[in-house]
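A closer look at the structure
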Amino acid sequence: MIETNRPAAAPAEDEPDLLRDQFRQLLRYRRLIGAGVGIGLLGGVYLGVSTADTYVATADIVLRAPTDDPFNPSLAPDKAINIGSERQVALSSSIANEAAKKLGVPASGFRALRSGLQVTNPPQTMVLRFTYTAASPAEAAKRANAMSEAYLLKRQEALDVTRDKMVKGYQDQRDPVAKQLDDLVKQINSMPAGPARDAAYSSKTDHQSKVNTLNSNIAKLQALDMTPGRVTSTAVPPHSTDGPGLVMSLALGSAVGLALGLLAAWVRLVFDPAPRSEGDVARALRAPVLGSLPRGKGDGGPLLAAGEEDPRLAEEFRSVAFRLAYDSRFADRRRLLVIAPRGSSETAAAVAVNLAASFAETGKDVLLIEADLRTPVLASQLPTDAGGRPRWSQTPGGQHGEPEWPDGRQLVVDAGESGSFDLIPGERVRNVPRALTSPRATRLISEADSPNSTVVVLAPPVLSYADALALVDRVDGVLVVCDPRAVHRTDLSRIRELISGAGGTVLGAVLHTPLPGENKRGGPFRRGGVPAPTAPAAAAPLSRNREPQPIPYEVAAADAAQHIPGDGTDTVALRTVRTGRR
């Protein structure tokens, strides 16, 4: 007895694995990353060229407040000077006008003179740094010094004007009082001794005190040191350009461009609706990815992978089959429904056929049912022979002698070294849902209840038709075959919800690459981007260098009664037949 296990619906991933997975997904957007690097390189070239003839000269000025005692530590310069306001004054047009007069710059060059100046203040200092950018080293140094000298001159003038106004104000207050004092002295000299003269002396003392106070204020203002500041660093012509150089600019631009490209790729990844990795598919379906078909395999090649020169495709199908065999959800009932999300069912048909061959290789009695009654083509694409009629096929057909699907036709498919399996071919019917839910179809699917039997059912795309959902209650194990780049995560989540709501279970997914001639959404294309019409199932293209092997249903049904099991005609030689468009 084979022991089976029940794997987790979706493999848990730790954070490092998720980060590695996201980084691998970012590398899929190579065009965005390359465009970002290209833009960064262009910016680096522009930066290197634009700064190749740019020279910067710097002059530093230390500001100081007017004081009568420069050695008094109680006076804090930062309390007397607003360094932010002084910086704005240094950038004002009045300073630029004064520098333009000294440099002889005409009015047409005044705006260019101002645009080259930058004034900064190093933190925690009373220093103004005049930085000037020009096309030549001598011009940069000359204009930086002119700007700093013009600022000191204007600041000196402003301080002198302020002091002169204050001195004049004190003098205007002192002069009337001094005149009154002189008049009072004359009166006292002519007055006799007595109370009146004593009152005049008292008034004289008050006026003399006021005059002395005003004279003291005037003397203090006139004694102030009005030096606005001093130049601590004179601008000198620079020896090299200010730019980082072409090589450094290219390196910086490539680094910034790479960061921008990665950011654009990350934004594109966040808003990309398609799953870009196996982890995305597993998280959307809440089921593991059982296999991924090799690139360039199964895309228009032989439907049966057994016997091909490159064994990778056949080994991938065997791996999927063994993973299903050791899943108790499938091993308990041995019923498998193979579906595609939408578009073409060509790859899903190849997966169903090769899984049937892989199960037959393990000794199972495999029955492959083509439940795609809209475009049935397996009978014309597989090496088949008429087999015995199933037990349920003895029931008469529909009313008035109309045939119903399934009508008892059973073919034997030769899978080469893998053995053989039975095929119930599809057939176009008027009412597909009624045929899929008929008692005949139910009895046919119940063949899996026999010991050592396995039933594989191929259904149309689940998002295009509801045929697969009509089978889920009897074939509850579902395998999704999809191209991650041609389906959205919301589509996969919807498939899981539809199957779960119908009572089924998604066992896993098989991933593949786009088929030749398909657009991103899985539809065929004509040249020029116009969707090509789907070819009829009876006209499915075959290999040019292989002989077609049609199996007429009428001949097969007529020979079924005369067939003798074991006479050597149960199977036919395996032929390489190219798959057609489904």
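Scroll up a little and you will see the structure.
This section reports on the structure supplied with the text. Computed from a predicted model, the values in this text were never measured in an experiment.

A count of helical and extended segments in the protein chain gives 19 helices and 13 strands. A total of 582 residues make up the protein chain; the buried ones form 42% of that total. Long-range contacts, defined as pairs at least 24 residues apart, comprise 80% of the intrachain contacts of the protein chain with a sequence gap of at least 6.

Turning our attention to the packing of aromatic side chains. Enumeration over the complete set of coordinates arrives at two aromatic pairs. A centroid spacing of 5.8 Å and a plane angle of 45° characterise the contact between Phe130 and Tyr151, whose relative ring orientation is tilted. Highlighted residues: Phe130 in strand β3 (residues 127-134) and Tyr151 in helix α7 (residues 137-190), separated in sequence by 21 residues. Like Phe130, the residue Tyr151 is buried in the burial classification.

Turning our attention to the sheet that holds strand β4 (residues 229-233). One open sheet accounts for four strands, arranged β2-β3-β1-β4; its pairing is antiparallel. Because the sheet does not close on itself, it has two edges, and the strands there are β2 (117-120) and β4. Taking each pair of neighbouring strands and ignoring which way they run, the sheet shows an average axis angle of 25°. By the bridge criterion, eight bridges tie strand β1 (residues 55-63) to β3 in an arrangement that is antiparallel.

Looking now at a nonpolar patch on the surface. On the surface, a cluster of nonpolar side chains totalling about 840 Å² of accessible area is made up of Leu47, Leu252, Val256, Leu260, Leu263, Trp266, Val267, Val270 and Phe271. The greatest single-element share of the nonpolar patch, amounting to seven residues, is contributed by helix α9 (residues 246-270).

As a further point, take the pairing of β1. Bridge count for β1 against β4 is four bridges, and the pairing is antiparallel. Directly across from Asp60, in β4, lies its bridge partner Ser233.

The topology assignment puts Ser438 in the loop between α15 (432-436) and α16 (439-445). Not counting chain neighbours up to four residues away, the residues in contact with Ser438 comprise Trp405, Pro406 and Arg474.

A few words on unusual backbone geometry. A positive phi angle, near 55°, is found at Arg286, a position not held by glycine. Counting through the fold element by element, Arg286 comes out in the loop between α10 (278-285) and β5 (289-292). A residue is classified by how much of its surface remains accessible, and Arg286, at 52% relative accessible area, is exposed.

Reading the values: rules and limits
Residues numbered from 1 in each chain as written. Predicted model: local features only at pLDDT ≥ 70, side-chain atom pairs only at ≥ 80, totals over all residues. Heavy atoms only, no water. Helix = DSSP H or I, 4+ residues; strand = E, 2+ residues; numbered from the N terminus. Buried < 20%, exposed > 50% of the residue type's maximum accessible area, 1.4 Å probe, protein only. Contact = heavy atoms within 4.5 Å. Phe/Tyr/Trp six-rings, centres within 6.5 Å; stacked < 30°, edge-to-face > 60°. Pairing = 2+ DSSP bridges. Axes fitted to C-alpha atoms, helices over the stretch in contact; angles between N-to-C directions. Patch = residues over 30% accessible without salt bridge, like charges linked within 9 Å, V, L, I, M, F, W, Y side chains within 5 Å. Areas by Shrake-Rupley, 256 points an atom, 1.4 Å probe, with all protein chains shown as cover. Salt bridge = Lys/Arg side-chain N within 4 Å of Asp/Glu carboxyl O.

Remember, this is a structural readout, not a statement about activity or role.
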